[in-house]
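# Descriptive analysis of the structure
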Amino acid sequence: MIYSKTKYTPEEYLAREEQAEYKSEYYDGEIRMMAGGSENHSVIQGNVITQLNIALWKKSCRVYTSDMRLLIERRRTITYPDAMVICGKTEFQAGRTDVVANPVVLFEILSPSMREHDRIEKFKLYKQIASLHEYVLVDSERIVVSILRREVGSGKWTIDMWNDAKDTLTLESLELEIPIADLYAKVEFPTGAAETSESP
């Protein structure tokens, strides 16, 4: 859902969001209501947050949930990633403590209604963030994990994909590995849905 007014300023959006019952994202003047999440989406998101916190416990990195907003200043956009990691000092939007700007890694959990938006449109936005090194997409309906990674030096983006629970997700920017099975712990798929070689 897009609100009827043609354009909102970021300040108007944030003021509305503080009073809203449901989360919405901001895209260059447009306010778009977010779709609700499924059980699998919620469980996977919890697994991602748990695994990141365990792995980064002794490092100078913070793990943020989807309660924290992300500013993509170059594209006048504010979103709610499912999870993000910031290392070192957190950079906030001026005058705010609930909008950050310098993630190293972003996670989005893919749902049927938002799969293409997260894979294509959000990536176009997220790759404008100078601090971002890795963007991870975790499918909620099958075991498929993809990572888009910015190469050091060239700045080019590459993609890797895993579709076996026995595989391991490697986050080079954080120097850690997470078993794919741990991302999908306690997730129940319809019969046959978890085993697929279909590309994401």
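Residues numbered from 1 in each chain as written. Predicted model: local features only at pLDDT ≥ 70, side-chain atom pairs only at ≥ 80, totals over all residues. Heavy atoms only, no water.

## Observations regarding the sheet that holds strand S9 (residues 134–139)
- Ordered in space as S3-S6-S8-S9-S10-S11, the 6 strands form an open sheet in which the pairing is mixed. Whereas interior strands pair on both sides, the edge strands pair on one side only; in this sheet they are strand S3 (61–65) and strand S11 (157–162). The average undirected angle you get between the axes of adjacent strands in this sheet is 15 degrees.
- Here strand S10 (residues 145–150) runs beside S11; their pairing, made up of 6 bridges, is antiparallel. Bridging across to S11, leucine 148 finds its partner in isoleucine 159.
- Packed on one face of the sheet, helix H2 (residues 39–55) meets S3, strand S6 (83–87), strand S8 (105–110) and S9 and runs near 160 degrees to S8. (Pairing = 2+ DSSP bridges. Helix = DSSP H or I, 4+ residues; strand = E, 2+ residues; numbered from the N terminus. Axes fitted to C-alpha atoms, helices over the stretch in contact; angles between N-to-C directions. Contact = heavy atoms within 4.5 Å.)

## Here's the deal with the state of the cysteines
- Within this structure, the stated rule accounts for 1 disulfide.
- The disulfide partner of cysteine 61 is cysteine 87, and the gap between their sulfur atoms is 2.1 Å. Judged by the sign of its S-S torsion, about 100 degrees, the cystine formed by cysteine 61 and cysteine 87 is right-handed. Separated by 26 residues along the polypeptide, cysteine 61 in strand S3 and cysteine 87 in strand S6 bring together distant segments of the chain.
- The exposure class of cysteine 61 is buried, given its relative accessible area of 16%. (Disulfide = S-S within 2.5 Å. Buried < 20%, exposed > 50% of the residue type's maximum accessible area, 1.4 Å probe, protein only.)

## Side note on the sheet that holds strand S4 (residues 69–72)
- Taken in spatial order, the 5 strands line up as S2-S1-S5-S4-S7 in an open sheet, and their pairing is mixed. Strand pairing shows two members of the sheet lacking a second neighbour, strand S2 (30–33) and strand S7 (99–100), which therefore form its edges.
- Note that S4 and strand S5 (residues 77–79) share 3 bridges and pair antiparallel. The residue bridging leucine 71 from the neighbouring strand is isoleucine 78, located in S5.
- Its contacts with the sheet put helix H1 (residues 10–19) on strand S1 (24–27), S2, S4, S5 and S7, and the angle it makes with S1 is roughly 180 degrees.
- Against the sheet, helix H3 (residues 115–126) makes contact with S1, S2, S4 and S5, and its axis sits at roughly 50 degrees relative to S1, the strand it touches most.

## Describing the pattern of salt bridges
- Counting across every chain of the model gives 16 salt bridges.
- With a shortest N-O distance of 2.9 Å, arginine 96 and glutamate 18 are connected by a salt bridge. Here arginine 96 is found in the loop between S6 and S7, whereas its partner glutamate 18 is found in helix H1, with 78 residues between them in sequence.
- Residue classification places glutamate 18 among the partly exposed positions, given a relative accessible area of 46%.
- As a salt-bridge pair, glutamate 172 and arginine 149 come within 3.5 Å of each other at their nearest N and O atoms. Residue glutamate 172 is located in the loop between strand S12 (168–171) and strand S13 (176–179), and its partner arginine 149 is located in strand S10; the two are separated by 23 residues in the primary sequence.
- Among the residues examined, arginine 149 registers a relative accessible area of 9% and is labelled buried.
- When salt bridges that share partners are traced, they join Glu18, Arg69, Arg96 and Asp98 into one network. (Salt bridge = Lys/Arg side-chain N within 4 Å of Asp/Glu carboxyl O.)

## Concerning the side chain of arginine 150
- Locating arginine 150 in the fold gives a position in strand S10.
- Comment: no salt bridge for buried arginine 150; closest opposite-charge side chain is glutamate 134, at 10 Å.
- For arginine 150, the side chain forms a polar contact with the main-chain oxygen of lysine 127, separated by 3.5 Å. (Lys, Arg positive; Asp, Glu negative; His and termini not counted. Polar contact = N/O pair within 3.5 Å; in protein donor to acceptor, adjacent residues only side chain to side chain.)

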